[in-house]
Amino acid sequence: MRRLLLAAVTALFVSGPGTTTEAATDDEIARAVAEVIVEEYPDLTLDAVGRALRKTWASIQFIMYHEIAHMLIHEYQLPVLGWEEDAADTLAVAMLVGNETDENYETLYAAIQDWAINRGDPATLTNAHFYDEHSFNLQRAYHATCLLVGRDRDRYGPIADIMQMPDDRREKCVYISERALDGWRAVLKPHLLPRDAPRTGGAFVLDYVQPEPGMTYLLGQMLMEMKFLEKVEALIAGNFDLPRDLQIATAPCGTVNAFYRRDPPAIVMCYEMVFAKFSQFTNYEMGLAAREESDRMDGTTPPETETGAAQSRFGGAVDQSGWSITVTSEGEWSGRDASGNELRMPSTPTTKGLDNARRCPGRGRRGILPPPACLAGSHRRVRASRGRPSFR
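Residues numbered from 1 in each chain as written. Predicted model: local features only at pLDDT ≥ 70, side-chain atom pairs only at ≥ 80, totals over all residues. Heavy atoms only, no water.

### Considering the overall build of the protein
Going by this rule: Only DSSP runs of H or I reaching four residues or more are called helices, and only runs of E reaching two or more are called strands; each is numbered from the N terminus. Categorising residues by exposure relies on relative accessible area from a 1.4 Å probe, with only protein chains included: less than 20% of the type maximum marks a residue as buried, more than 50% marks it as exposed, and the intermediate range marks it as partly exposed. The criterion used for residue contact is that any of the two residues' heavy atoms lie within 4.5 Å. Using a 1.4 Å probe, accessible areas were evaluated by the Shrake-Rupley method; residue-level cover was limited to the displayed protein chains.
Scanning the protein from terminus to terminus reveals 14 helices and eight strands. Within the span of the protein, comprising 392 residues, buried residues form 49% of the whole. If you take every contact in the protein between residues at least 6 apart in sequence, the share linking residues at least 24 apart comes to 68%. Within the structure as shown, the protein displays about 18,800 Å² of accessible surface, and the carbon and sulfur contribution to it stands at 51%.

### Quick notes on the nonpolar core
The following threshold applies: The criterion is simple. A nonpolar core is a set of buried Ala, Val, Leu, Ile, Met, Phe, Trp, Tyr and Cys residues joined through side-chain atoms within 4.5 Å.
One finds Leu72 and Ile236 to be the most contacted residues of the largest nonpolar core, which totals 86 residues. If you tally residues by element for this core, the top one is helix α3 (residues 46-75), at 15 residues. By size, the runner-up hydrophobic cluster in this structure holds seven residues, among which are Ala251, Cys253, Phe259 and Val268.

### Digging into the packing of helix α8 (residues 153-162) against helix α9 (residues 167-188)
Think of two packed helices as two axes; the pair is described by the angle between the axes and how far apart they sit. Here is the rule we go by: Interaxial angle, 0 to 180 degrees, is taken between N-to-C directions of lines fitted to C-alpha atoms, where a helix line uses only the stretch in contact. Our angle categories are set so that under 35 degrees counts as roughly parallel, over 145 as roughly antiparallel, 65 to 115 as roughly perpendicular, and the remainder as oblique. Working rule for handedness: look at the near helix, and if it is turned counterclockwise from the far one by less than a right angle, call the crossing left-handed; if clockwise, right-handed.
It is the contact of α8 with α9, at a shortest axis distance of 12 Å, that shows an interaxial angle of 135 degrees. Between α8 and α9, the interaxial angle falls into the category oblique. Relative to α9, α8 is oriented so that their crossing is right-handed. Facing α8, whose interface residues are Arg153, Gly157, Ala160 and Asp161, α9 presents Asp167, Arg170 and Glu171.

### Observations regarding the pairing of strand β1 (residues 204-209)
Filter applied, for reference: At least two DSSP bridges between two strands are needed for those strands to be called paired.
Along β1, six of the six residues are buried, which leaves the element largely enclosed by surrounding structure. Neither face of β1 is left uncovered, since the one carrying Phe204, Leu206 and Tyr208 and the one carrying Val205, Asp207 and Val209 both have all their residues buried. Pairing of β1 with strand β2 (residues 246-251) involves five bridges; the strand directions are parallel. In the sheet register, Leu206 faces β2, and the bridge partner there is Ile248.

### Some remarks on the packing of aromatic side chains
Counted only if it meets this: Stacked, tilted and edge-to-face are the three classes assigned to paired rings of Phe, Tyr and Trp, where Trp is represented by its six-membered ring and a pair needs centres within 6.5 Å; plane angles under 30 degrees give stacked, over 60 edge-to-face, the rest tilted.
Counted under the stated rule, the structure contains four aromatic pairs. Residues Phe62 and Trp115 carry aromatic rings whose centres are separated by 5.4 Å and whose planes lie at 85 degrees to one another, so their mutual orientation is edge-to-face. Of the two residues, Phe62 is situated in helix α3 and Trp115 in helix α5 (residues 102-117); the sequence distance between them amounts to 53 residues. Here Phe62 matches Trp115 in class, with each residue buried. Taken together, a centroid distance of 5.6 Å and an interplanar angle of 5 degrees make the contact between Tyr105 and Tyr156 stacked. Here Tyr156 lies in helix α8 and Tyr105 lies in helix α5, a separation of 51 residues in the sequence. Pair check on accessibility: Tyr105 and Tyr156 agree, each one buried.

### Let's talk about α8
Just so we agree on the cut-off: Whenever a nitrogen or oxygen atom comes within 3.5 Å of another N or O atom, the pair is scored as a polar contact, on the condition that within protein one atom can donate a hydrogen and the other can accept it, and that pairs from neighbouring residues in sequence are kept only if both atoms are in side chains.
Along α8, the positions that sit buried rather than exposed are Tyr156, Gly157, Ile159, Ala160 and Ile162. Where α8 starts, the residue carrying a side-chain oxygen 3.3 Å from the main-chain nitrogen of Asp154 turns out to be Asp152. Downstream of α8 by a residue or two, Gln164 has a phi angle that is positive, lying close to 55 degrees.

### Concerning the pattern of salt bridges
Basically, it comes down to this: Basic side-chain nitrogens of Lys or Arg form a salt bridge, by our definition, when they fall within 4 Å of a carboxyl oxygen of Asp or Glu.
What the rule picks out here adds up to 14 salt bridges. Two residues, Arg244 and Glu75, come together in a salt bridge whose shortest N-O distance is 2.7 Å. Taken together, the residues Arg244 in the loop between α11 (228-237) and β2 and Glu75 in helix α3 connect sequence positions 169 residues apart. Look at Arg244 and you get partly exposed, because its relative accessible area is 28%. Here the salt bridges do not stand alone but share partners, grouping Arg31, Glu35 and Asp47 into one network.

### Focus: the pairing of β2
For a regular strand, side chains alternate in direction, first toward one face of the sheet and then toward the other. Taking burial as the measure, the six residues of β2 include six buried ones, the bulk of the element. Residues Leu246, Ile248 and Thr250 point to one face of β2 and Gln247, Ala249 and Ala251 to the other, with burial holding for every one of them. In the sheet, β2 pairs with strand β4 (residues 266-270) via five bridges, with the strands oriented parallel. When the bridges of β4 are listed, Ile248 appears paired with Ile267.

### Some points on the state of the cysteines
Spelled out, the test is: When two cysteine sulfur atoms are found within 2.5 Å, that pair is recorded as a disulfide.
Counted under the stated rule, the structure contains two disulfides. A disulfide bridge connects Cys146 with Cys173, and the sulfur atoms are separated by 2.0 Å. The disulfide joining Cys146 to Cys173 has a torsion of about -120 degrees about its S-S bond and is therefore left-handed. Of the two residues, Cys146 is situated in helix α7 (residues 137-151) and Cys173 in helix α9; the sequence distance between them amounts to 27 residues. The exposure class of Cys173 is buried, given its relative accessible area of 0%. The disulfide bridge from Cys253 ends at Cys270, spanning 2.1 Å between sulfur atoms. Residues Cys253 and Cys270 are joined by a disulfide whose S-S torsion is about -90 degrees; by sign, that bridge is left-handed. Taken as a pair, Cys253 in the loop between β2 and β3 (258-261) and Cys270 in strand β4 lie far apart in primary sequence, 17 residues in all. Considered together, Cys253 and Cys270 belong to a single accessibility category, that of buried residues.

Structure below.
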């Protein structure tokens with residue numbers, strides 16, 4: 001498998017000397033990656049894997065907005081009244097709805113679907129779930145839905161319909177959304193970079209630390225070709241002049257995670273998180289397709305479950321893909337791939353990629369990360385772009 005995937009990645013993403021090709025769109029890149037995966041795992045369907053990849057992309061985009069929110073809170077010492085994790089969710093939504101593109105809609109939709117799928121079984125709740133710094137996933141899904149439908153009932157009504165949010169709650173969400181989103185904009189306003197103003201603050205350092213060979217390598221290449229980190233940097237640089245340098249990286253971490261590190265400042269998306277989301281959405285899309293095919297065969301439509309549409313439509317699909325992965329609230333995971341190979345996280349979580357960078361001599365500016373030659377063959381650094389997408 002490793003040789004096949006590595007060869008396929010080379011064929012897809014590396015042009016020979018003298019060749020000139022137009023840059024592929026994100027959809028084209030996702031389609032190409034889906035074709036490689038389906039060739040290796042023929043029990044998966046191209047359409048289902050393609051949809052899973054797009055949802056994975058949208059889901060990890062929201063996760064990065066959430067981590068950007070943590071970064072802004074700490075870099076600007078913003079006041080947080082209540083749980084910071086809830087505040088970061090709200091700020092992430094505020095940034096996304098401030099620029100209401102179709103891509104941002106898909107990002108919000110994928111985040112809510114992700115939480116609904118990972119709602120958990122109430123029968124398995126332990127004390128750890130109640131004292132965790134995060135709210136329950138289904139709470140996060142409904143909270144985000146409330147912020148959205150309260151802002152624009154027509155635009156985000158379909159999401160509220162899927163979540164079966166009653167009309168009286170939607171009416172109350174107008175006030176809740178107004179207070180939450182406008183409140184965050186008021187707090188951020190003094191720190192927003194004026195339009196066309198030069199940036200004089202911290203620099204951005206973007207690093208794609210090479211993942212392990214295999215499926216995560218292919219997903220990592222997809223992120224690089226879609227310019228995942230460049231888009232994150234462009235969002236921040238277009239709105240803020242940070243007081244310190246910021247590293248933005250994708251890296252193997254040894255656990256399913258994404259995080260903001262305060263010193264030195266860094267926002268990191270772990271490849272294990274990307275793989276977990278892809279596996280989850282592949283399970284969902286394959287199960288949904290199997291259920292729809294079954295309904296067509298017998299001519300019946302199964303009734304809604306008592307748990308409601310939030311679970312039956314978002315999280316009730318039967319897994320037919322052969323992929324299976326379980327992630328606990330503590331970030332531990334295990335499972336099997338489509339060929340039955342066991343997948344298990346290391347017994348001791350590490351931040352291997354970043355640890356290698358920190359140990360490497362000849363560090364870059366302010367000791368954030370080393371120059372590219374330091375991690376020859378396992379690390380790619382790119383220049384920060386200077387685009388200015390705005391959420392004002």
